[in-house]
Amino acid sequence: MTRRRRSIALAATAVAIALGATACGGSSSTTGSGSPTKGGTLTVLDHADFDHLDPQRTYTTEGSSMDQEIVRTLTGWDETGSQPKLVGDLATDTGTPSNGDTVWTFHLRKGVVWQDGTPVTAQDVKYGVERTFSPDINGGPPYASQWLVGGSSYKGPYSGKELASIQTPDASTIVFHLGQPVADFNETTAMPGWSGVPKAHDTGATYDTHVWSDGPYMIKSYTKNKEVVLVKNTHWKQSTDPIRQQNVNEIDVKLGQDQSAIDQQIKSDAGAAQTSIMQWPIAGSDLTTISSDQSLKSRLYNIPAPGINYLAINTTRTKDLKVRQAIEYAIDKTTVRGAFGGSAYGDYASTMISPGIDGYKKFNLYSTNPAGDLTKAKALMKQVGNPKLTMSLAVENTPTLEHFGDAVKTSLGKIGITVNITPIDAANYFSNIDNVKNQYDLTWVDWIADWPNASTVLPVLFDGRQIAKLPQSNQDLAYLNDPAVNAQIDKIAKMTDVKQANAAYGALDEQIMKDAAVVPLMYMNFSELAGSKVGGVIPDPILAEPSLVHVYVKS
């Protein structure tokens, strides 16, 4: 998932742009279409397990969306209006900055309790955030380690040490001291990592299956790769929660099913499928058929994602710039997009910052023909002596991604590069590729801005210094560590003029593309389907997921 510096006002603008492009499902897509009914079981059909549900490790849209049902964060997004609005969640408001945006103070709401009825305290939140720094709790966003004073050397709470830059002067007040001004710090605190964890219930690396709840639902059972059952947290109070509702009795997540089988099951709308919804996008083989079926329109959620589908080229393994440029020209994006479902999946991309995100600049350094330019690609390979390269390509082990792998293999075969496709279990895909021990020559990735600003795209994906800092959670899958790029990231971070910063991010995007470290493929749309008796679903433009925080089962 994913997601950089902007003012709240500009954040709203960017989200509005994103929303303006949104084509959402019909009757069940808003909370305003009738009163929610209480009771029943919502079934969620997922083709793979969550990478993580441990809030400090979650960094996928599916995991973050499910965590919204279980844990509360300092701030959150109220998405019931025409635009997402940042509000206090655990906190009473969106936080108070001081000392030039380097100190942020939050006060916790009264009456918020854990699933055993004990109060949620500022110390619980401090402990939760500190877990992020532990080598055993890897996978989450890098912002805490990037911004909190002392974060570069702190190793987490399991060593018995605390991080001094997180202060809790009393049980309901938490103060963060940052090493640099961060004007939108309160937007990152809407991410799961900024939630509390009660030390007494922390199970360390196994917390994924034991997440302690202060949200409307808690884990009843979790069988990895098979099923997660959530039931009502009887201690949760609607009066303390401005974001969520507790309408259904149970949320039953079925894991490990073929995506195409899920598509057909919910499309049929028979029996239990009527009260079911999917979290992963419709399979590429089904997308055109389902998205063009008018009878399904009211149950289809087509959410433009603020992000990018791309191919990362490992610059430490493919060091020759001309080879990487040849790959840029050789990839046939028409066949690549076909694997994901064709035009319904999204437009062809040429930049890493997507349209609708602050900082987007339209440019294309390589072939303007989406089918590629083999003549230029072959000419570049000839300049480097036509090496008969063999390259590894990491993809998820799903039919859609394996078809994608075949498309890349065919494209690069035309310029003398043999591609060996490595399918990786979808439930563990990002944990695998993010670990620097598991490097591939080519890696399929998608990235959704953590919030719609280039600061949550380029610094996260291309600050090469983060590779060493977060060896188990590396997001720089091109392994680009360009001193000029790193210096520009630092320079932009210090800019206080938002327009100037956004323009600089657009220029940085173009600078990065000159390194030919990534091949932008598509600006994504995520399409999911729900049964006819599922109501209250909100298309979430932040996560690009169907939000379940107001979901109900129609009687």
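Before any of the text, the structure's been laid out above.
Residues numbered from 1 in each chain as written. Predicted model: local features only at pLDDT ≥ 70, side-chain atom pairs only at ≥ 80, totals over all residues. Heavy atoms only, no water.

(A) Spotlight on the packing of helix α9 (residues 333–340) against helix α11 (residues 399–413). Interhelical geometry of α9 versus α11 gives an angle of 170° and a closest axis separation of 8 Å. One element, α9, and the other, α11, form an angle in the roughly antiparallel class. Note on element contacts: α11 touches α9 through T400, L401, H403, F404, A407 and V408, opposite T335, V336, A339 and F340. The residue makeup of the contact of α9 with α11, split by class, is 7 nonpolar, 3 polar and no charged. (Axes fitted to C-alpha atoms, helices over the stretch in contact; angles between N-to-C directions. Helix = DSSP H or I, 4+ residues; strand = E, 2+ residues; numbered from the N terminus. Parallel < 35°, antiparallel > 145°, perpendicular 65-115°, else oblique. Contact = heavy atoms within 4.5 Å. Nonpolar A, V, L, I, M, F, W, Y, C, P; charged D, E, K, R; others polar.)

(B) Structural view of the packing of aromatic side chains. Following the criterion strictly, the structure yields 19 aromatic pairs and no others. Arranged with centres 5.5 Å apart and planes meeting at 80°, the rings of F176 and W194 form a pair that is edge-to-face. Of this pair, F176 sits in strand β7 (residues 173–177) while W194 is found in the loop between α5 (185–188) and β8 (217–223), placing the two residues 18 residues apart along the sequence. Accessibility expressed as a relative area gives 0% for F176, which makes it buried. Grouped by ring-pair contacts, the aromatic residues W104, F106, Y143, W147, F176, F185, W194 and W451 constitute a single cluster. Above the plane of the ring of Y348 lies R337, whose end atom (NZ or CZ) is 3.9 Å from the centre. (Phe/Tyr/Trp six-rings, centres within 6.5 Å; stacked < 30°, edge-to-face > 60°. Buried < 20%, exposed > 50% of the residue type's maximum accessible area, 1.4 Å probe, protein only. Lys NZ or Arg CZ within 6 Å of the ring centre and 35° of its normal.)

(C) Structural view of the pairing of strand β14 (residues 390–396). Most of β14 is tucked away: 6 of the 7 residues are buried. Looking at chain direction, β14 and strand β15 (residues 418–424) are connected through 7 bridges and run parallel. Residue pairing in the sheet places V395 in a bridge with P423 of β15. One crossover worth recording links β14 to the parallel β15 by way of α11, and it is right-handed. When β14 meets strand β16 (residues 442–448), the two strands line up parallel, connected through 2 bridges. Note that in β16 the partner of A394 across the bridge is T443. (Pairing = 2+ DSSP bridges. Right-handed = clockwise from strand over helix to strand, strands pointing away.)

(D) Just the sheet that holds β16, in detail. Taken in spatial order, the 6 strands of this open sheet run β13-β17-β12-β16-β14-β15, and their pairing is mixed. The outermost strands of the open sheet, each flanked by one partner alone, are β13 (346–348) and β15. Sheet twist, expressed as the average angle between the axes of neighbouring strands with direction ignored, equals 30°. The pairing of β13 with strand β17 (residues 518–529) spans 3 bridges and is classified as antiparallel. Paired with Y348 across the two strands is M522, which belongs to β17. Sitting on the sheet, helix α8 (residues 321–330) is in contact with β12 (300–313), β14, β16 and β17, with an inclination near 40° to β17.

(E) Structural context of the nonpolar core. Counting 147 residues, the largest nonpolar core has L148, F176, I327, F404 and L412 as the members making the most contacts within it. Residues within four places of I327 in sequence aside, it is in contact with I313, M391, L412, I415, I417, L442 and V519. (Core = buried A, V, L, I, M, F, W, Y, C linked by side-chain atoms within 4.5 Å.)

(F) Layout of the pattern of salt bridges. Using the criterion set out here, one finds 16 salt bridges in the structure. R131 is the salt-bridge partner of D54, the closest N and O atoms lying 2.9 Å from each other. Highlighted residues: D54 in the loop between β1 (41–45) and α2 (61–70) and R131 in helix α3 (residues 122–131), separated in sequence by 77 residues. For D54, a relative accessible area of 0% translates into the label buried. The exposure class assigned to R131 is buried, which follows from its relative accessible area of 0%. Among the salt bridges present, the one from K254 reaches D252, with a minimum N-O distance of 3.3 Å. With a relative accessible area of 30%, K254 lands in the partly exposed category. Put simply, R72, D89, D241 and R244 are held in one network by salt bridges that share partners. (Salt bridge = Lys/Arg side-chain N within 4 Å of Asp/Glu carboxyl O.)

(G) Structural view of unusual backbone geometry. The residue N99 is not glycine, and still its phi comes out positive at about 50°. With respect to the helices, strands and loops of the structure, N99 is situated in the loop between β4 (96–98) and β5 (103–107). With a relative accessible area of 60%, N99 lands in the exposed category. Backbone geometry at Y479 places phi at a positive 50°, although glycine is not the residue there. The class for Y479 is buried, based on a relative accessible area of 6%.

(H) Highlighting the side chain of Q475. Within the secondary structure layout, Q475 lies in the loop between α14 (465–469) and α15 (483–493). Apart from residues no more than four positions distant in its own chain, Q475 is found in contact with Y59, G139, Y310, D434, W447, V460 and L461.

Any functional reading would require information that these geometric values do not contain.
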